[in-house]
Amino acid sequence: MRPRAPSIWVPIDGALVGATIRKETLHYCSRSTAIDDQPLETYQLHAQVIDAAVRRRVSGGSIEPVMVRDYDLHDAVGKGIE
């Protein structure tokens, strides 16, 4: 099975780093009460937070394409993932 193409590109140190985020992650982490949210619109509304999560993952050693996970978008304290 081929890896998915990155769905977003985040500028990091002068280069574009590919990343993916599942539409379910976008929905539940960003607009869980919405019933008709669209992934692109949700990303655009929360791009700064999502892009920051990609930058944290890359600075922690993740390689491209970076998969943004639910707990990348929330504080880890108290969730057993610190």
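Definitions and limits used
Residues numbered from 1 in each chain as written. Predicted model: local features only at pLDDT ≥ 70, side-chain atom pairs only at ≥ 80, totals over all residues. Heavy atoms only, no water. Helix = DSSP H or I, 4+ residues; strand = E, 2+ residues; numbered from the N terminus. Contact = heavy atoms within 4.5 Å. Areas by Shrake-Rupley, 256 points an atom, 1.4 Å probe, with all protein chains shown as cover. Buried < 20%, exposed > 50% of the residue type's maximum accessible area, 1.4 Å probe, protein only. Polar contact = N/O pair within 3.5 Å; in protein donor to acceptor, adjacent residues only side chain to side chain. Salt bridge = Lys/Arg side-chain N within 4 Å of Asp/Glu carboxyl O. Expected span 1.5 Å × (residues − 1). Arc of directions from axis to C-beta.

### Some words on the overall build of the protein chain
No. 1: Looking only at helices and strands, one finds three helices and three strands in the protein chain.
No. 2: Residue pairs in contact within the protein chain that sit at least 24 positions apart in sequence constitute 46% of those at least 6 positions apart.
No. 3: Accessible surface for the protein chain amounts to roughly 5,900 Å². Of this, 54% is attributable to carbon and sulfur atoms.

### A short note on the side chain of R57
No. 1: Structurally, R57 can be placed in helix α3 (residues 47-59).
No. 2: Judged by its relative accessible area of 16%, R57 falls in the buried class.
No. 3: Within polar-contact distance, the side chain of R57 engages the backbone oxygen of M67 at 2.4 Å.
No. 4: Those residues in contact with R57 that lie beyond four places of it in its chain are S62, V66, M67, V68, R69 and D72.

### Considering the pattern of salt bridges
No. 1: In total, this model carries three salt bridges according to the counting rule given.
No. 2: The residue E24 makes a salt bridge to R22 at a minimum N-O spacing of 3.2 Å.
No. 3: A relative accessible area of 31% means that E24 is categorised as partly exposed.
No. 4: With a relative accessible area of 45%, R22 lands in the partly exposed category.
No. 5: The salt bridge partner of R69 is D72, with a shortest N-O separation of 3.3 Å.
No. 6: Exposure remark for D72: the relative accessible area of 10% places this residue in the buried category.

### Section: α3
No. 1: In a regular helix each residue adds 1.5 Å, so 13 residues correspond to 18 Å; α3 covers 18 Å between its end C-alpha atoms and thus fits that length.
No. 2: Taken together, the buried positions of α3 are A47, I50, D51, A53, V54 and R57. Axial view of α3: buried residues confined to an arc of 150°, hence all on one face. Turned more than 90 degrees off the buried face of α3, the exposed positions are Q48 and S59.

### Observations concerning helix α1 (residues 23-30)
No. 1: Those residues of α1 that sit buried are T25, L26, H27 and C29.
No. 2: Among the structural elements, β2 (15-21), α2 (39-45), α3 and β3 (66-68) are those in contact with the buried residues of α1.

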